[in-house]
Amino acid sequence: MMPEAPPLETEQMRILYLTGESLERSWAPTHHVLGTCQAFAKQGHEVTLIHAFPTRPRRVASAWAKAEITRWSPPVRGGGRLFHRSIARYLRTHAAEIAAEFDVLYIRFIASTVIAEALTHITIPTVLEVNGSEEFAARGFNECTRASDLVLVDSAAMAEMFRHRLPDQAAKVAVHVSPATDIERFAPRDKQACRAFVGLSPDAIILLHVSGFWTHHDFRTAGLALRQLNQGSQRAMLVLLGDGPRWRAVRSSLMDLIKSGQVLMPGAVPI
């Protein structure tokens, strides 16, 4: 077990964390947002979380958040645009309060032109987290980056893409490594006992991929690699855990491997 990292020597900040995620689904973006906010809180920072809800308001932050604000994002065509407008109105009308009550605005949000315009009213430092190269194509992306003081990406390759696309903004991009393991939940345990608990073979090579099933995830190569690996004496099982836009299409393309027991796709499961 890795020892717990010592607290960082940082001044306490009052963080307003804004996300477009509803945080009701058990998938990677939800865990990322809540895990990041809890990490901020554990370092002594005050966190106020703003997030969407599709049906009814639901608190997700519990005791670690100073406050939690929700805005409706109805699960209908165009519902996301209504949420964007609601958030933009909040940023415009509460700009003075935000400046007085917070030290930084942290955004994990698909860019839009209405959000970009609203950010021009914000006077505190603004951090924009970008979670995939597909976000570069979003309407308002260029405007949102120009209205932000720091842009965080998750790899050196994405940083280089950003600098190439927006050379005048190159100085504000930085790489952050976001994936982490909560050692309070995921401590080392006996492998065979774990396999027996979830009904997996004690002998097979288990390959696990936790995914949001996005368009840029390359499941075709994973399937080809598994077929080649299993041509020999080795027997491997690929477990694709999670849910997302391409789940049904990926399942259809791997159906023969699923039927033969070489691929398992249980969908999204609780942590």
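Structure: above.
Residues numbered from 1 in each chain as written. Predicted model: local features only at pLDDT ≥ 70, side-chain atom pairs only at ≥ 80, totals over all residues. Heavy atoms only, no water.

K.L.:
Explanation requested: the overall build of the protein chain in the structure shown.
P.N.:
Of the regular secondary structure elements, the protein chain holds 10 helices and 10 strands. Overall, the protein chain is about 65 × 40 × 40 Å in size when its C-alpha atoms are taken along their principal axes. Residues counted as buried form 41% of the 271 residues belonging to the protein chain. Restricting to contacts in the protein chain with at least 6 residues of sequence separation, those with at least 24 account for 58%. On the protein chain, roughly 15700 Å² of surface is accessible, and the fraction owed to carbon and sulfur atoms is 56%. Averaging the coordinates of the 30 positive side-chain charges in the protein chain and doing the same for the 26 negative ones gives two points 10 Å apart. (Helix = DSSP H or I, 4+ residues; strand = E, 2+ residues; numbered from the N terminus. Buried < 20%, exposed > 50% of the residue type's maximum accessible area, 1.4 Å probe, protein only. Contact = heavy atoms within 4.5 Å. Areas by Shrake-Rupley, 256 points an atom, 1.4 Å probe, with all protein chains shown as cover. Lys, Arg positive; Asp, Glu negative; His and termini not counted. Charge placed at Lys NZ, Arg CZ, Asp CG, Glu CD.)

K.L.:
What exactly am I supposed to notice about the sheet that holds strand 9 (residues 236–242) here?
P.N.:
Adjacent strands of a sheet form backbone hydrogen bonds with each other and so pair up, either parallel or antiparallel. With parallel pairing, 3 strands are arranged side by side in an open sheet as 8-9-10. Sheet topology places strand 8 (205–211) and strand 10 (263–267) at the edges, where each strand pairs with a single neighbour. Going from strand to strand, the sheet's axes swing by 20° on average, the running direction of each strand aside. Both strand 8 and strand 9 contribute to a ladder of 7 bridges, which runs parallel. Within strand 9, the position partnered with V210 by the bridge is L241. (Pairing = 2+ DSSP bridges. Axes fitted to C-alpha atoms, helices over the stretch in contact; angles between N-to-C directions.)

K.L.:
Can you help me understand helix 6 (residues 156–165) in this one?
P.N.:
What sets the pattern is the α-helix's 3.6 residues per turn: residues three or four places apart point alike. Turning to helix 6, its buried residues are M158, A159 and F162. The buried residues of helix 6 occupy an angular sector of 105° when the element is viewed end-on, so they sit on one face. In helix 6, those exposed residues whose orientation departs by more than 90 degrees from the buried face are A156, A157 and H164. Buried residues along helix 6 sit in contact with helix 5 (141–146), strand 6 (150–153) and strand 7 (173–175). (Arc of directions from axis to C-beta.)

K.L.:
Explain the layout of surface pockets here, please?
P.N.:
Here the idea is plain: a probe the size of a water molecule rolls over the atoms and shows the empty space left. Space inside the second largest pocket adds up to approximately 270 Å³. Lining the second largest pocket, in full, are R81, H84, R85, A111, S112, T113, V114 and R139. Elements with a minimum of two residues in the lining of the second largest pocket: helix 2 (79–93) and helix 4 (113–119). Taken together, the residues of the lining of the second largest pocket break down into 2 nonpolar, 3 polar and 3 charged. (1 Å grid on protein atoms, 1.4 Å probe; cavity = no way out; pocket = protein on both sides within 12 Å on 5 of 7 lines; lining within 4 Å. Points joined across faces, edges and corners; volume = space filled by probe spheres on them. Nonpolar A, V, L, I, M, F, W, Y, C, P; charged D, E, K, R; others polar.)

K.L.:
Before we go on, may I ask you to explain the side chain of S112 in this structure?
P.N.:
Structurally, S112 is set in the loop between strand 4 (104–108) and helix 4. Looking at S112, the relative accessible area reads 10%, which means it is buried. Beyond its immediate stretch of four places on either side in the chain, S112 contacts H84, R139, G140 and C144.

Keep in mind that these numbers describe shape and distance, not what the molecule does.
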